[in-house]
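Structure at a glance
Single-letter residue listing:
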Amino acid sequence: MTEETLPGPDGTFALPPLAWALDALAPAIDAETMSLHWGAHHRAYVDKLNAALAARPSLQGKSLEALLARAGTLHADVRTNAGQHWNHAFFWESMAPPGRGGAPDGALLAAIERDFGSPGGLVEAFDAAGAAHFGSGWAWLVRAGNGRLVVGTTPDEQSPLMEGAALSGTPLLVNDLWEHAYYLGYRNRRADYLAAWWQVVNWKAVGARFAAAQAA
Amino acid sequence: MRTLRPALLPALLLALAAPALAQAPEPAATGTAAAPAPVGPFALDPLPYGFDALAPVIDAETMRLHWGAHHRAYVDNLNRAVAADPALAKLSLEQMLARVSTLPKPVRDNGGGHWNHRFFWTLMTAPGTGGQPSPRLLAAIARDFGSLPAFRRQFEQAGLRQFGSGWAWLIVRPDGRLAITSTPNQDNPLMDVVPEAERGTPILGNDVWEHAYYLSYRNRRGEYLQKWWEVVNWNQVSLLFEAAQSRR
Ligand SMILES: [Fe+2]
Ligand SMILES: [Fe+2]
Ligand SMILES: [Fe+2]
């Protein structure tokens, strides 16, 4: 999602369609989880964001990314829902049905080997960060300002695009650490979810994001 | 009105605990696997009722996981944190919480997690058996929130508005008034990281982490918060209120 996310002609943000069916990520992510996660949780964030913006004319018409860049100035109801809308849209685009996401290659693979030793090293660092994160939040792979790849987490609705976030850089990949992302399929076993999730990572999207970030 | 808005955990212990339960506890879930938890000063006490006692408000599987996996992990990780820092061994859990800003983050997360869940289990009882607020507690609720239904609505709102994981609380403030607050993650009103105006003695708390309600209520946190009143143990809350008053 390197492009800007703009509101529609009526000034409201829309729940983006998924690129695959609700059951397409099974067994890594079951269909009911997808149905609720996209159709209830993400939808509620979009609806609440639109309601919050309707009360604040000065923020209307701005892109989602422009809102995140000034997160420190935003009222909590705009900040939390803008963050969750962006993060979930990016999360859906980070995934593809098992066997369809490809594998890291080219410049992305070279950067992964430089910064983590191997794709396995990246997976290990990413899962360790996700398992250690306390409470709700997100696990990220970002391209830092110095060009290095970095793994880290953010709490609740935070994204690396927000000023003052716990992690900064250009997002390349994200996993959702909120319990709603895995409780139906994995119960309390977040580590099992993190490990299984790599089956549905969309490496083609990650590679395109990395190329765009390098060119920027 | 004062609404603030804004280890093997030793197998031996388990064996001792089991007879008190309607069902024997499951073995520890191993989301974090790896090393066994150290034998430490803190223990997972048995539930005061069976896993299915709170149904249909809270289902048996949720109780089994919530107590036997989530709460157990907080106890195990708290014992690990204490084992790693001998200076902590001299402190009670409440002493740790009162100075938690000076202690390692795992003490805040897991010390809070242990205190909050141990407290939470005592606040609930089988539907229809929890009684009513005592006359003195009811008078304080009416004084500070208008009425019992108004209090319930405000408490539910606090639970709904806590973004992400956390807790909704009813506390007795140092001046004796009641207040509704909420905290993120496993923070609680006994911690020095909480703003002074939201500190006090908890007499009621509800867990709004998704693990508390997701199996039965899915994303509908508001419905969980409404149904939860059916299992609140008002007899216990009234006792906690009296104790907090007499300590002032
Ligand atoms: Fe995009
Ligand atoms: Fe989510
Ligand atoms: Fe909990």
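For the structure itself, consult the block above.
Predicted model, so just to flag it, every value in this text is computed and none were measured. (Residues numbered from 1 in each chain as written. Chains lettered and ligands numbered in written order. Predicted model: local features only at pLDDT ≥ 70, side-chain atom pairs only at ≥ 80, totals over all residues. Heavy atoms only, no water.)

**Some details on the overall build of chain B**
The condition is simple: A helix here means a DSSP run of H or I that spans at least four residues, while a strand means a run of E at least two residues long, and both kinds are numbered starting from the N terminus. The buried label goes to any residue with under 20% of its type's maximum accessible area, the exposed label to any with over 50%, and the partly exposed label to all in between, with areas taken from a 1.4 Å probe on protein chains only.
Check the secondary structure of chain B and you find nine helices and three strands. Start at the N end of chain B and walk to the C end: the helices and strands fall as α-α-α-α-α-α-β-β-β-α-α-α. Counting every position in chain B, which comprises 248 residues, the buried fraction comes to 52%.

**A closer look at the environment of A:N175**
Residues and elements named next belong to chain A. Put simply, the rule reads: Contact between two residues is taken to exist if any of their heavy atoms lie within 4.5 Å; hydrogens are not considered. N or O atoms within 3.5 Å of each other form a polar contact, as long as, within protein, one can give a hydrogen and the other can take it, and as long as residues adjacent in sequence are counted only when both atoms are side-chain atoms.
Looking at where N175 falls in the secondary structure, it is placed in strand β3 (residues 170-176). Its relative accessible area of 0% is what places N175 among the buried residues. For N175 and G137, which are 38 residues apart along the polypeptide, the C-alpha to C-alpha distance reads 8.9 Å. The contacts of N175, once residues within four sequence positions are left out, are F91, F126, G137, W138, A139, Y193, L194 and W197. In terms of polar contacts, N175 uses its side chain to reach the side chain of Y193, at 2.7 Å.

**A short note on the nonpolar core**
Keep this limit in mind: Here, nonpolar core means buried Ala, Val, Leu, Ile, Met, Phe, Trp, Tyr and Cys residues that are tied together by side-chain atoms lying within 4.5 Å of each other.
The biggest cluster of nonpolar side chains holds 74 residues, and the ones touching the most others in it are B:F151, B:L178, B:L204, B:W228 and B:W234. Counting residues in hydrophobic clusters, the runner-up holds 62 residues, among them A:W20, A:L74, A:W92 and A:L108.

**With respect to the coordination of the iron ion (ligand 2)**
Residue and element names in this part refer to chain A. Rules: Here a donor is an N, O or S atom found within 2.8 Å of the metal, or within 3.2 Å if the metal is Na, K or Ca; sites may look incomplete because water is not among the atoms. Every geometry call rests on angle ranges, with four donors termed tetrahedral when all angles are between 85 and 135 degrees, four termed square planar and six termed octahedral when opposite donors are over 155 degrees apart and all others are between 65 and 115, and everything else termed irregular.
The protein atoms that coordinate the iron ion (ligand 2) are H37 (NE2), H88 (NE2), D176 (OD) and H180 (NE2), at distances spanning 1.9 to 2.1 Å. Geometry at the iron ion (ligand 2) is irregular, judged from the four donor atoms that bind it and their angles of 87 to 136° at the metal. The motif formed by the donor residues of the iron ion (ligand 2), counted along the single chain, is H-x50-H-x87-D-x3-H. Remark: H180 occurs in the loop between β3 and α6 (183-186) and H88 occurs in helix α3 (residues 76-93); sequence separation between them is 92 residues. Taken individually, H88 and H180 each receive the classification buried, so the pair is uniform in this respect.

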